[in-house]
Amino acid sequence: MGAYDEKKETCGTVCLKYLLFTFNFLFWLAGGVVMAVGVWTLVEKSDYISLLSSKTYAASAYILVLAGAIVMVTGVLGCCATFKEQRRLLRVYFVLLLCIFLLEILAGVLAYIYYQQLNEELKQTLRETMVQKYQQKDQEHVTKAVDKLQQEFKCCGSNSSSDWAESAWIRSSEAKGRMVPDSCCKSFTEGCGHRDHPSNIYKVEGGCITKLENFILDHLKIIGAVGIGIACVQVIGMVFTCCLYRSLKAEPY
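All values reported here derive from a predicted model rather than from experimental measurement.

Cut-offs and rules
Residues numbered from 1 in each chain as written. Predicted model: local features only at pLDDT ≥ 70, side-chain atom pairs only at ≥ 80, totals over all residues. Heavy atoms only, no water. Helix = DSSP H or I, 4+ residues; strand = E, 2+ residues; numbered from the N terminus. Buried < 20%, exposed > 50% of the residue type's maximum accessible area, 1.4 Å probe, protein only. Contact = heavy atoms within 4.5 Å. Areas by Shrake-Rupley, 256 points an atom, 1.4 Å probe, with all protein chains shown as cover. Patch = residues over 30% accessible without salt bridge, like charges linked within 9 Å, V, L, I, M, F, W, Y side chains within 5 Å. Salt bridge = Lys/Arg side-chain N within 4 Å of Asp/Glu carboxyl O. Disulfide = S-S within 2.5 Å. Core = buried A, V, L, I, M, F, W, Y, C linked by side-chain atoms within 4.5 Å. pLDDT = per-residue confidence, 0-100. Polar contact = N/O pair within 3.5 Å; in protein donor to acceptor, adjacent residues only side chain to side chain. Phe/Tyr/Trp six-rings, centres within 6.5 Å; stacked < 30°, edge-to-face > 60°.

Enquirer: I'd like a rundown of the overall build of the protein, residues and numbers included.
Expert: Each helix and strand in the protein was counted, giving six helices and zero strands. Relative to its full complement of 253 residues, the protein shows a buried share of 44%. In the protein, of all internal contacts separated by at least 6 residues, the share reaching a separation of at least 24 is 73%. A total of about 13300 Å² of accessible surface is found on the protein, and carbon and sulfur atoms cover 63% of it.

Enquirer: Provide a residue-level description of the side chain of Thr143, including the pertinent values.
Expert: Tracing the backbone shows Thr143 in helix α5 (residues 140-152). The exposure class assigned to Thr143 is buried, which follows from its relative accessible area of 8%. With sequence-adjacent residues up to four places away left out, Thr143 is seen in contact with Lys133, Tyr134, Gln135 and Gln136.

Enquirer: Report on a nonpolar patch on the surface, specifying residues and quantitative values.
Expert: Where nonpolar side chains cluster on the molecular surface, the patch consists of Phe25, Leu26, Trp28, Leu29 and Val76 and spans about 480 Å² of accessible area. Element by element, the count of residues in the nonpolar patch is highest for helix α1 (residues 2-44), at four residues. Note on placement: Trp28 falls in helix α1. Exposure remark for Trp28: the relative accessible area of 35% places this residue in the partly exposed category.

Enquirer: Would you mind going over the state of the cysteines in detail, with residue names and values included?
Expert: Within the structure shown, the criterion is met by three disulfides. The disulfide partner of Cys156 is Cys184, and the gap between their sulfur atoms is 2.1 Å. Here the S-S torsion is close to 85 degrees, and the disulfide linking Cys156 with Cys184 is therefore right-handed. With Cys156 in the loop between α5 and α6 (207-247) and Cys184 in the loop between α5 and α6, this pair connects stretches of sequence that are 28 residues apart. Judged on exposure class, the residue Cys156 and its partner Cys184 are both buried. Each disulfide in the protein links cysteines that, numbered along the sequence, combine into the pattern 1-6, 2-3, 4-5.

Enquirer: Give a detailed account of the nonpolar core, specifying residues and quantitative values.
Expert: Soluble globular proteins: nonpolar side chains tend toward being buried together. The biggest cluster of nonpolar side chains holds 32 residues, and the ones touching the most others in it are Tyr48, Leu51, Val146, Leu149, Trp164, Leu212 and Ile216. For this core, the secondary structure elements donating two or more residues are α4 (87-133), α5 and α6. Among the elements that line this core, the one with the most residues is α6, at seven residues.

Enquirer: A description of unusual backbone geometry should follow, citing residues and the corresponding values.
Expert: We note that Lys154 has phi near 55 degrees; this positive angle belongs to a residue other than glycine. The residue Lys154 is located in the loop between α5 and α6 in this model. Residue Lys154 is classed as partly exposed on the basis of its relative accessible area, which comes to 47%. Backbone geometry places Lys176, a non-glycine residue, at a positive phi of 55 degrees.

Enquirer: Which residues make up the confidence of the model for the protein, and what values go with them?
Expert: Should pLDDT be low for a region, the predicted coordinates there are not to be read in detail. With 88% of its residues at a pLDDT of 70 or more, the protein has an overall mean of 78. Residue range residues 1-9 is modelled with pLDDT below 50. Its contacts to residues more than four positions away, or to other chains, number one contact.

Enquirer: Could you give me a rundown of the side chain of Asn200, with the residues and numbers involved?
Expert: With respect to the element layout, Asn200 can be found in the loop between α5 and α6. Residue classification places Asn200 among the buried residues on the basis of a relative accessible area of 14%. In this structure the side chain of Asn200 is engaged in a polar contact, spanning 2.6 Å, whose partner is the backbone oxygen of Arg195. Leaving out residues up to four positions away in the same chain, Asn200 has contacts with Cys184, Cys185, Lys186, Cys192 and Arg195.

Enquirer: Could you give me a rundown of the pattern of salt bridges, with the residues and numbers involved?
Expert: Between side chains of opposite charge, a pair can form as their charged atoms come close. Counted under the stated rule, the structure contains four salt bridges. Of the charged contacts in the structure, one is a salt bridge between Glu166 and Arg127, with a shortest N-O distance of 2.8 Å. Of the two residues, Glu166 is situated in the loop between α5 and α6 and Arg127 in helix α4; the sequence distance between them amounts to 39 residues. Judged by its relative accessible area of 26%, Arg127 falls in the partly exposed class.

Enquirer: Outline the packing of aromatic side chains, supporting the account with residue identities and numerical values.
Expert: The tally for this structure, following the rule as stated, stands at three aromatic pairs. Considering the side-chain rings of Tyr134 and Trp164, the 5.1 Å spacing of their centres and the 65 degrees angle between planes classify their relative orientation as edge-to-face. Of this pair, Tyr134 sits in the loop between α4 and α5 while Trp164 sits in the loop between α5 and α6, placing them 30 residues apart in sequence. Taking the centre distance of 5.6 Å and the plane angle of 55 degrees together, the rings of Phe153 and Phe215 count as tilted. Note that Phe153 is positioned in the loop between α5 and α6 and Phe215 in helix α6, a separation of 62 residues in sequence. Assigned by exposure class, Phe153 and Phe215 land together as buried.

If you want it as structure tokens, here you go:
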């Protein structure tokens, strides 16, 4: 009977080892996905981050990059701990899983909180940023972001093209008589902003605020879903780790 119980225990341990190994491989791949989403947010869409007064959007992306990097390292550690059957390594692995779990939940929560306050922030800050900082000294990053925003989303002004009438740059001699920036034009050419007729510039209901808000909301959903989704999968890994830990005999001291 004792031999049967020992064989049964060994079979259970082997099954747990391979389950945990499979989980770690998938977990390692998921870490790459998490990090890729964070890097894409920071690199590809970094211009738009400069138009936001709150750093919550960028913070969510940084957390995902950090969590993704730790996930990939942890996945390798998990494989080592599983095959070496060392309880100490499994303890370290479990703690790292727990830390990553909390990081990704934090990223998801930050994304959700920012989701709720985004509309109000854009209303308060985007118009002021575009009117006061566009084409101003030491604000090249804002100018680049605004031009990219208007061209990419085919919009003009925060709420409408008439917002540019209050722009410090448009009112100055540097604008050379332009009514709007050249990036408002449907066909971008040097000096095309002299004419603000609907046939020449983008006239979009809701202006760039609506376009940028929809873009960020969609991206926040991705950040939140990825963070919380991977975190939920980690719970399975922690359960497997606990089961394998309990099935291994205590290490001699």
